[in-house]
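# A closer look at the structure
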Amino acid sequence: MENQSPSPSILLIIGGGIAAYKSLELIRQCAKRGIRTRAILTAGGAQFITSLSVSGLTGEKTFTDLFDLTDETEMGHIQLSRAADLVVVAPATADLIAKAASGLANDLASTALLATNKPVMMAPAMNVQMWNHAATQRNLATLRADGVTQVGPDEGEMACGEYGPGRMAEPTAIAEAIAKALDAGETHAGATPHNPVHNLTGKHVLVTAGPTHEPLDPVRYIANRSSGKQGYAIAAALGALGARVSLISGPTDLPNPAGIQTIRVETAREMLAATQNTLPADAAIFCAAVADYRPEIETAHKIKKERGGLTAIALAENPDILKTIAHHKTQRPELVVGFAAETDDVINHAEAKRARKGCDWIVANDVSPSTGTMGGDRNTVTILNEDGEENWPDMPKADVARKLAERIAETLNMLRPVNAAE
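The following paragraphs examine the structure supplied in this document. Given the structure is predicted, the values throughout are model-derived calculations rather than measurements. (Residues numbered from 1 in each chain as written. Predicted model: local features only at pLDDT ≥ 70, side-chain atom pairs only at ≥ 80, totals over all residues. Heavy atoms only, no water.)

### Describing the sheet that holds strand 20 (residues 388-391)
Read across the open sheet, the 8 strands follow the order 12-11-8-13-16-17-19-20; overall the sheet is mixed. One side of each edge strand has no neighbouring strand; the edge strands of this open sheet are strand 12 (261-264) and strand 20. For this sheet, the mean angle separating the axes of adjacent strands, direction not counted, is 15°. Here 6 bridges tie strand 8 (residues 204-209) to strand 11 (residues 244-249), and the two strands are oriented parallel to one another. The partner of valine 205 across the bridge, within strand 11, is valine 245. The strands that helix 13 (residues 346-357) touches are strand 16 (335-342), strand 17 (361-366), strand 19 (381-385) and strand 20; relative to strand 17, the one it contacts most, it runs at about 150°. Lying over the sheet, helix 14 (residues 397-415) contacts strand 13 (283-286), strand 16, strand 17, strand 19 and strand 20, oriented at roughly 165° with respect to strand 17. (Pairing = 2+ DSSP bridges. Helix = DSSP H or I, 4+ residues; strand = E, 2+ residues; numbered from the N terminus. Axes fitted to C-alpha atoms, helices over the stretch in contact; angles between N-to-C directions. Contact = heavy atoms within 4.5 Å.)

Structural data, given as structure tokens:
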């Protein structure tokens, strides 16, 4: 009799809010889809539903206390945070979102979120003013950059009587998103995706992200507006599929993605050196917005305005990192992907870049100021390769990252399947 794979499972963190009652239906919906649930009920969540009702639906002990010695003997919070394939926070309150974004760990729920090495999905639920507050949106942007996925919220009437965005998505929609994530191979207990086509275990993928800073003097530099969000999201998505990821990042305000080797650099020359030192790799994704030029002379002292200032800056051409790796004679990755950030005639310029650089794919996007792409949280891309072009609709950068990671996995596994005999 063949061994059957264990059913996929989630760790459900139930936050404190009136929407906590929806988590009971979410457990039912997951069970209908063959998804097992283990739950953490926060102190706030326990004001609306009981541990008994949660356990009655999950068939498992419901965890509530970080310092329950019996629970720590049976299953410590570290193991609890990693035993499931996916961690789901529903409802994700403004407080839980803020804790996760800041890396706080002062109760079982926040500690589990900080300790997990599995993908995290959040279903926000809060008052419309709390949802629209700059602090909440800033925290959500941080979580998206870390690879956290988001379902909802919906727009509608609140329990408080106000109307607007902030209602937790319906349990059926959340369950569908969970099932899709599990079926797509984004998660697996032990870091092995359920879908073998999207399994990157044993693969090494190099990703560059962010801008480069090219110094003029000790306090001034030439740079661009890249935030690094897309590259960081790609690194996190590849890691979620089981890849060993090396992220080479220019200067950004983003935290290092969890579980990802992150190498910080400043200049294009430093990025090239770090990239070459990171080889060999199965794939290389060049998402960084590398400065084409640098000041020819970097002065050791700040240039003073009183001395006449600057009338011209002599520039030297920076090394072409994408082209260098795409034409590497001994350690060229099997798949080399470049990015083309354009402001006009996007497709033609991107295709010309692909031919000029010698890469396999180019991910083209319009970064005109009106698009909000540069530094924003959404992106609209076109994938160009020898088979033609594929246009993707506007979506969050985290969704672009997951979809691209899956395509990369599919391609690498066609070239050399995971666990193939040597």
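Picking up after the structure, the text goes on.
### With respect to the nonpolar core
Counting residues in each nonpolar core, the largest one holds 36 residues, and the members touching the most others are Val207, Ile234, Leu238, Ile285, Leu404 and Ile408. The leading source of residues in this core is helix 14, at 7 residues. Isoleucine 234 has contacts with Val207, Ile285, Cys287, Phe339, Ala401 and Leu404, leaving out every residue within four places of it along the chain. Residues Ile10, Leu12, Ala39 and Ile174 belong to the second largest nonpolar core, which totals 29 residues. (Core = buried A, V, L, I, M, F, W, Y, C linked by side-chain atoms within 4.5 Å. Buried < 20%, exposed > 50% of the residue type's maximum accessible area, 1.4 Å probe, protein only.)

### Some points on the sheet that holds strand 1 (residues 9-14)
Spatial strand order, 2-1-3-4-5: 5 strands in an open sheet with parallel pairing. Each having just a single partner strand, strand 2 (36-41) and strand 5 (149-150) make up the two edges of the open sheet. Strand direction decides the pairing type here: strand 1 and strand 2, joined by 6 bridges, are parallel. Looking at the pairing, leucine 11 lines up with arginine 38 of strand 2.

By themselves, these figures tell us nothing about what the structure is for.
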